[in-house]
Amino acid sequence: MNTIEPGETAAEAVDPDALNELLGRWIGDAGGLVTFSLALIGDRLGLFAALGSGGPATAAELADRTGLSERYLREWLLGMAAAGYVTYEGSAPGAEDQGSARSARYRLTPEQAEAFTNPDSPAYVAGGFQNLTAATRAVDRLTEAFRTGAGMGWHEHHEDMFIGTERFFRPGYLANLTSLWIPSLTDAERKLTDGAAVADVGCGLGASTIIMAQAYPSSRFEGIDYHQPSIDLATQRAADAGVSDRVRFRVAGASDLDGRYDLVTFFDCLHDMPDPAGALRAARAVIAEGGSVMLVEPASWDTVTEMLNPVGKVFAGASLLICLPSGLSAPPATGLGNQAGPGRTCQLARDAGFSVARTAATTDFNRVYELRP
């Protein structure tokens, strides 16, 4: 008879159904991994746009339309159809090899076109192909960081990270910033309409700053970010948008804030900062009487159980690849991560000197906090 020695535990039997479920999940994740890479290629080459604007096409027809290799396009279309990112329509009429990949015709549904080709739509997700594949380029370095505890600065990522992040977040800002988030703050909309001073901390390529400047022409906006290439692009984009008269961008960190502001904003960036408490203290010091901070953060929760959902899966993975390393990249290396949760986030704000720290609005992907002195 087998006996279990002290300190040993009996091995659990493998449940075949549970194992098959796990393997099925692996297949789905593996498909998602390769799909994102292929979709990024399609995004870079304008394939979604060409298919959407020109109508259904075979690989050969899409090759004529784009000047690209028919053989590569044939495989790309097959992969995108299997992923549900383009739609298979059957074989081209009159084709001798009915049912083959060579004769297959594909199209974009209105929903696929909305998600992959319309940068102003709240459903536009093509920027995610760019910034999430950029994040995976850091895997070798992050593997070593597990051993050393070292961080990796935001500026050290591939350039696709900066442009892709702006493309990914901008649609949500267009959909919610002036219609939901600002109106959810105490008296902020009135101040901005009348003419307010606004500092946008961690502005990146300036999407949030420019959207606010377009909506509130009587106000003045200053966007700051420590990443020079992002500031250069933000400045150009403000000029292109015709708001340079009321927007200026400069290379600076939160600690460099000076003057008085009616509103200080942080869009999807506080959790990336090595010193988020210091950034909030700096914002608290420059808030004018009656002013506030709008802190926009990724959706997060206070307990592990609440985080176990599809959005939590994406955000926790992104936090490990992007946000946590950035937060550990310089002293005091707080390493907040994007899943700090509302409880910890509000406590951080109160510790920084804010008497009011509350959730003002939520969407499927963001939680918006109002902080007031």
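Not measured: the values here are computed from a predicted model. (Residues numbered from 1 in each chain as written. Predicted model: local features only at pLDDT ≥ 70, side-chain atom pairs only at ≥ 80, totals over all residues. Heavy atoms only, no water.)

1. Digging into the packing of helix α2 (residues 47-54) against helix α3 (residues 59-66)
Then comes step 1: Where α2 meets α3, the axes come as close as 11 Å, and the angle between the chain directions of the two elements is 105°. With respect to their mutual orientation, α2 and α3 come out roughly perpendicular. Only Leu-62, Arg-65 and Thr-66 of α3 make contact with α2, whose side of the interface consists of Leu-47, Ala-50, Leu-51 and Gly-54.
Then comes step 2: In the contact of α2 with α3, the residues fall into four nonpolar, two polar and one charged. (Axes fitted to C-alpha atoms, helices over the stretch in contact; angles between N-to-C directions. Helix = DSSP H or I, 4+ residues; strand = E, 2+ residues; numbered from the N terminus. Parallel < 35°, antiparallel > 145°, perpendicular 65-115°, else oblique. Contact = heavy atoms within 4.5 Å. Nonpolar A, V, L, I, M, F, W, Y, C, P; charged D, E, K, R; others polar.)

2. A look at the layout of surface pockets
Then comes step 1: Empty space within the second largest pocket amounts to approximately 180 Å³.
Then comes step 2: In terms of lining residues, the second largest pocket is bounded by Leu-38, Ile-41, Leu-45, Leu-47, Leu-68, Ser-69, Tyr-72, Leu-73, Glu-75 and Trp-76.
Then comes step 3: The set of elements that each furnish at least two residues to the lining of the second largest pocket consists of α1 (16-45) and α4 (70-83).
Then comes step 4: For the lining of the second largest pocket, the element with the highest residue contribution is α4, accounting for four residues.
Then comes step 5: In terms of residue class, the lining of the second largest pocket is made up of eight nonpolar, one polar and one charged. (1 Å grid on protein atoms, 1.4 Å probe; cavity = no way out; pocket = protein on both sides within 12 Å on 5 of 7 lines; lining within 4 Å. Points joined across faces, edges and corners; volume = space filled by probe spheres on them.)

3. Observations concerning the pattern of salt bridges
Then comes step 1: Scanning all chains against the criterion turns up 19 salt bridges.
Then comes step 2: For Asp-120, the salt bridge is made with Arg-170, and the minimal N-O distance between the two is 2.9 Å. Of this pair, Asp-120 sits in the loop between α5 (110-117) and α6 (126-136) while Arg-170 sits in helix α8 (residues 160-181), and the two are 50 residues apart along the sequence.
Then comes step 3: Here Asp-120 falls in the partly exposed class, since its relative accessible area comes to 46%.
Then comes step 4: Judged by relative accessible area, Arg-170 falls into the partly exposed class, the value being 25%.
Then comes step 5: A salt bridge links Glu-222 to Arg-248, with the shortest nitrogen-to-oxygen separation between them at 2.4 Å. (Salt bridge = Lys/Arg side-chain N within 4 Å of Asp/Glu carboxyl O. Buried < 20%, exposed > 50% of the residue type's maximum accessible area, 1.4 Å probe, protein only.)

4. Digging into the sheet that holds strand β1 (residues 57-58)
Then comes step 1: Across the sheet, three strands lie side by side as β1-β3-β2; this open sheet has antiparallel pairing. Each end of this open sheet is capped by a strand with a single partner; those strands are β1 and β2 (87-91).
Then comes step 2: As judged from the four bridges shared by β2 and strand β3 (residues 104-107), these two strands associate in the antiparallel manner. Bridge assignment links Gly-90 to a residue of β3, and that residue is Arg-105. (Pairing = 2+ DSSP bridges.)

5. Some thoughts on the side chain of Ser-184
Then comes step 1: Structurally, Ser-184 is set in the loop between α8 and α9 (188-194).
Then comes step 2: Of note is the side chain of Ser-184, whose polar atom sits 2.5 Å from the backbone oxygen of Trp-181.
Then comes step 3: Setting aside chain neighbours within four positions, we find Ser-184 in contact with Arg-358, Ala-360, Ala-361 and Glu-370. (Polar contact = N/O pair within 3.5 Å; in protein donor to acceptor, adjacent residues only side chain to side chain.)

6. Focus on the sheet that holds strand β5 (residues 220-225)
Either a parallel or an antiparallel arrangement is found when strands of a sheet pair, and the pairing is made through backbone hydrogen bonds.
Then comes step 1: Strands sit in the order β6-β5-β4-β7-β8-β10-β9 across an open sheet of seven strands; the sheet is mixed. The open sheet has two edge strands with one neighbour each: β6 (247-251) and β9 (356-362). Direction aside, neighbouring strands of the sheet carry axes that sit 20° apart on average.
Then comes step 2: The sheet contact formed by β9 and strand β10 (residues 366-372) spans six bridges and is antiparallel. Within the sheet, the bridge partner assigned to Val-356 lies in β10 and is Arg-372.
Then comes step 3: Sheet contacts for helix α11 (residues 228-241): β5 and β6; angle to β6, the most-contacted strand, approximately 170°.

7. Observations regarding empty space enclosed by the protein
Then comes step 1: This model, assessed by the stated rule, comprises one cavity of 30 Å³ or more.
Then comes step 2: The computed volume of the largest cavity comes to approximately 50 Å³.
Then comes step 3: Every residue along the wall of the largest cavity is listed here: Thr-186, Ala-188, Lys-191, Leu-192, Ala-196, Asp-262, Leu-263, Gly-290, Gly-291, Ser-292 and Arg-372.
Then comes step 4: Those elements giving two or more residues to the lining of the largest cavity turn out to be α9, β7 (261-267) and β8 (287-298).

8. Here we look at the packing of aromatic side chains
Then comes step 1: Applying the stated criterion across every chain, the model contains 13 aromatic pairs.
Then comes step 2: Judged by centre distance (5.2 Å) and plane angle (65°), the rings of Phe-48 and Trp-76 are edge-to-face. Separated by 28 residues along the polypeptide, Phe-48 in helix α2 and Trp-76 in helix α4 bring together distant segments of the chain. Comparing Phe-48 with Trp-76 shows no difference in burial state: the two are buried.
Then comes step 3: Note on Tyr-85 and Phe-129: the rings are 6.0 Å apart at their centroids and 35° apart in plane angle, and the pair reads as tilted. With Tyr-85 in the loop between α4 and β2 and Phe-129 in helix α6, this residue pair connects regions lying 44 residues apart in the sequence. (Phe/Tyr/Trp six-rings, centres within 6.5 Å; stacked < 30°, edge-to-face > 60°.)

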